[in-house]
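Residue-level structure breakdown
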Amino acid sequence: MIETFGILGFVCVAVGMSLRPSAPAENCDPSGSRAQTLQRVERRGTLAVAVSGFGIVAALIEFSRGEQFSAVAILSIAGIGLALLHPWPWIRRLLIPLGASRLAYAWARVGGPPWLRDPVGGAVLCGVLAQARRRRVNEDRLRTLEAALGRAPLRGAGIVATGFIAALRGDRATAVTILDSVEDLDPDICPPIARTFAADWLVADAARRGRWHEVHQRSREGLVHSATTRFMGFAAQRLIGHPLSRWTLLAAWLRAPHRHATLSLAWRAWRARFPIHDVVEAGLHEPPANGAGLLGTAATALHLETAQLSAAGAADVASLDRLARAWDQTLWNFDVRQRVRTRALALECDSTVEQQVVELDRQICRDIGGMLPDTAAELCDSRTLRRGVSLHRDAQRYKIALLLRELETAAAASVSPPASTLWSMWVEIRDAYARAARGVELDERLATFDAAERHLGALVGWLWNDRRERALANAISFWLVCEADILDQHEVAEVHQPFVAAGP
Amino acid sequence: MGEVDKELAWEPLRRVAENPFFILDIGAAATKAQIRARSRALSDALSNGEPWAAKYFTPLGNRLRTPKLVEWATAELLHPDRRLGHELWHFESSQHQPIPTPEPWPEAMRAYGWRSQ
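Everything in this summary refers to the structure shown in the same document.

Conventions adopted
- Residues numbered from 1 in each chain as written.
- Chains lettered and ligands numbered in written order.
- Predicted model: local features only at pLDDT ≥ 70, side-chain atom pairs only at ≥ 80, totals over all residues.
- Heavy atoms only, no water.
- Helix = DSSP H or I, 4+ residues; strand = E, 2+ residues; numbered from the N terminus.
- Buried < 20%, exposed > 50% of the residue type's maximum accessible area, 1.4 Å probe, protein only.
- Contact = heavy atoms within 4.5 Å.
- Areas by Shrake-Rupley, 256 points an atom, 1.4 Å probe, with all protein chains shown as cover.
- Buried area = accessible area lost by both parts, 1.4 Å probe.
- Salt bridge = Lys/Arg side-chain N within 4 Å of Asp/Glu carboxyl O.
- Polar contact = N/O pair within 3.5 Å; in protein donor to acceptor, adjacent residues only side chain to side chain.
- Nonpolar A, V, L, I, M, F, W, Y, C, P; charged D, E, K, R; others polar.
- Phe/Tyr/Trp six-rings, centres within 6.5 Å; stacked < 30°, edge-to-face > 60°.
- Pairing = 2+ DSSP bridges.
- 1 Å grid on protein atoms, 1.4 Å probe; cavity = no way out; pocket = protein on both sides within 12 Å on 5 of 7 lines; lining within 4 Å.
- Points joined across faces, edges and corners; volume = space filled by probe spheres on them.
- Arc of directions from axis to C-beta.

**Examining the overall build of chain A**
Tallying secondary structure elements over chain A gives 23 helices and zero strands in all. A buried classification covers 49% of the 504 residues belonging to chain A. Considering only intrachain contacts with a sequence separation of at least 6, the fraction spanning at least 24 residues in chain A is 66%. When the accessible surface of chain A is split by element, carbon and sulfur atoms take 58% of a total near 24900 Å².

**Side note on the interface of chain B and chain A**
Taken together, the contacts link 39 residues of chain B with 66 residues of chain A. In this assembly, chain B packs against chain A so that about 4400 Å² is buried in total across both faces, 62% of it on carbon and sulfur atoms. Interface area lost by chain B to chain A is led by Trp105(B), Tyr112(B) and Trp114(B), which between them contribute 18%. A salt bridge links Arg15(B) to Asp367(A); the shortest N-O distance between them is 2.8 Å. On the surface where chain B and chain A come into contact, there are 13 residue pairs in polar contact (both at pLDDT 80 or more). Of all the secondary structure elements, the ones that give two or more residues to the side of chain B that touches chain A are helix 1 (11-17) and helix 5 (80-88) of chain B. Per-element accounting of the side of chain B that touches chain A gives the leading share, seven residues, to helix 5 of chain B. Per-class residue counts for the side of chain B that touches chain A are 23 nonpolar, six polar and 10 charged.

**Here we look at the packing of aromatic side chains**
Residues and elements named next belong to chain A. Summed over the entire model, instances satisfying the criterion amount to 10 aromatic pairs over all chains. When the ring of Trp247 is compared with that of Trp270, the centres are 5.5 Å apart and the planes differ by 80 degrees; the resulting orientation is edge-to-face. Residue Trp247 is located in helix 13 (residues 246-255), and its partner Trp270 is located in helix 14 (residues 259-271); the two are separated by 23 residues in the primary sequence. Of the residues examined, Trp247 reaches a relative accessible area of 58% and is grouped as exposed. Judged by relative accessible area, Trp270 falls into the partly exposed class, the value being 24%. The rings of Trp426, Tyr433, Phe449 and Trp479 are connected pair by pair, giving a single aromatic cluster.

**Comments concerning the pairing of strand 2 (residues 61-64) of chain B**
All names here are of chain B. Sheet topology note: the strand 1 (residues 55-58)/strand 2 ladder contains four bridges and is antiparallel. Pairing of Tyr56 across the sheet is with Arg63, part of strand 2. Linking strand 1 back to strand 2 in an antiparallel pair, the connection comprises two residues.

**A few points about empty space enclosed by the protein**
The tally for this structure, following the rule as stated, stands at six cavities of 30 Å³ or more. When grouped by side-chain class, the residues that make up the lining of the largest cavity number seven nonpolar, three polar and one charged.

**Focus: the environment of Thr342(A)**
Residues and elements named next belong to chain A. Here Thr342 is to be found in helix 17 (residues 334-347). Residue classification places Thr342 among the partly exposed positions, given a relative accessible area of 44%. Separated by 11 residues in the primary sequence, Thr342 and Val353 have C-alpha atoms spaced 9.1 Å apart.

**Details of helix 4 (residues 88-98) of chain A**
All names here are of chain A. Burial in helix 4 covers these residues: Trp88, Ile91, Leu95 and Ile96. Seen end-on, helix 4 carries its buried residues on one side only, within an arc spanning 95 degrees. Among the exposed residues of helix 4, those oriented more than 90 degrees off its buried face are Arg93 and Leu98. Lining the buried residues of helix 4 we find helix 5 (101-108), helix 6 (119-133) and helix 10 (192-208). Following helix 4 by one or two positions, Gly99 adopts a phi angle in the positive range, close to 75 degrees.

**Section: the pattern of salt bridges**
All names here are of chain A. The full count for this structure, using the stated rule, is 29 salt bridges over all chains. Residue Asp205 is joined to Arg208 by a salt bridge in which the shortest nitrogen-to-oxygen separation is 2.6 Å. Of the two residues, Asp205 and Arg208 both sit in helix 10, three residues apart, roughly one turn of that helix. Each of the two residues, Asp205 as well as Arg208, counts as buried. Salt bridges linked by common partners bring Arg172, Asp180, Asp205, Arg208, Arg209, Arg211, Glu214 and Arg218 together as one network.

Here is the structure:
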């Protein structure tokens, strides 16, 4: 009898603690994500201790009375209770591989680790991952999962789920943009495993498109990587000609799951040989040897080579400088113009040689602007390159203005769009800003920032106060503060600092 | 280069990969009569299912040739202004050696257990 009362008392205390968790620490905003996560951890931990404690004590009592069958039954019930409270291992190993999307979502709504920072987003992500295993995607199911995201403020796992939904619908560009944006989120609102899934998809997508430099780079960035991503990174390292021991590759392959599926890549990487380059002076200011096309200079061939490098994610500032100098020499070469003029006359063209060269110049500048790498800061004094940068910057500013207008219209609408749509629009603005800032002086960057900051400041207030999307508002404010600091706009940074300090 | 069509949607690469001179497999000095004759020959070969006509060579690898593409390339080359624009981006096969880049891996999604898109 005493034991029974003891167990009942223990369970009552545990249930009481889980229903009313202790107050968060003093330096933690009670309505913030961190406080909510801590409360979830406390509730979940207490319930787990209660269930397992009750099961073990009750089973021991039954065992001491010689009731082995009852003891095993009690332990089994406690085990099932624990599995219901912590469904992730079962969902990951059983329901997701089976493609049981509906059940995976429903069970994951119970919560538990690793989705304590974003329970709703985590449940939706479980459902979406199960959909990704199916032969055919169920569009109705995707819509239902998408609608489920709107039931709580958008957080990290929800954003990853949005990216996967876009990928399953075949919208690769949107998927890349959204999944890439996960790195901007505060750790308090993004479960680490959601980041891992995002990184995995981005690496797989880059490998599928043959962007092995990107695979290598992505596998080295970030904090948490899956074993498959680590193996892909090593394979990419060998494929692009960077030295790596074959045994390191083999060990990574053995550690990764789905070894049958990755065998062909492992074999390719195993056989890859490192190209032995002759050590020569690169001569970046000299034109390359092989001329091509009607122009008969090296610029056309070099243009194609640099575009190929850029598409593979391997273009750098030096190669772009070299290309721009080659075009400078070609476009202002009178022999070249004479050749074009002669050919235009032979073909009886309506347009003049000047019109043809202007059109060519525009094409080249637009291409070069698009090839600028992220790290383009110090550029050579090339007319073509400067014009390319300028055209590219103007195009991005125009895009930013359009997107901001679109965002304001969406915010002012009677039924504003879901948070995932707002996040996608924000990420597009941020990316366009990053592209506009490539290779330009700080004062030009400041002009772009000034135009964007006014609108974004209002958006942050609306997201925080009206939509209760603290995570989104916090991420945008954080970006505004960082950018304002870079541009020495300390007053602007102070305006947005409270949204950062309050946390997501 | 392999027989697989790579992702060439980006304008600077598409300009070369879909250059009408490559599609019709003729030199930059071809006359209008030669262009028309080549176009007819290719259209007939494609409608008869001749395997040699199904693909064309570019500095970026072999690409799929379709009747619609042949029709478009012929129209482009018969227009003097547009032809001149294409001549600016046309390479003779010996003028450009493609950069040896590792091939894509289309099964990458399967490595994570996801369906290939």
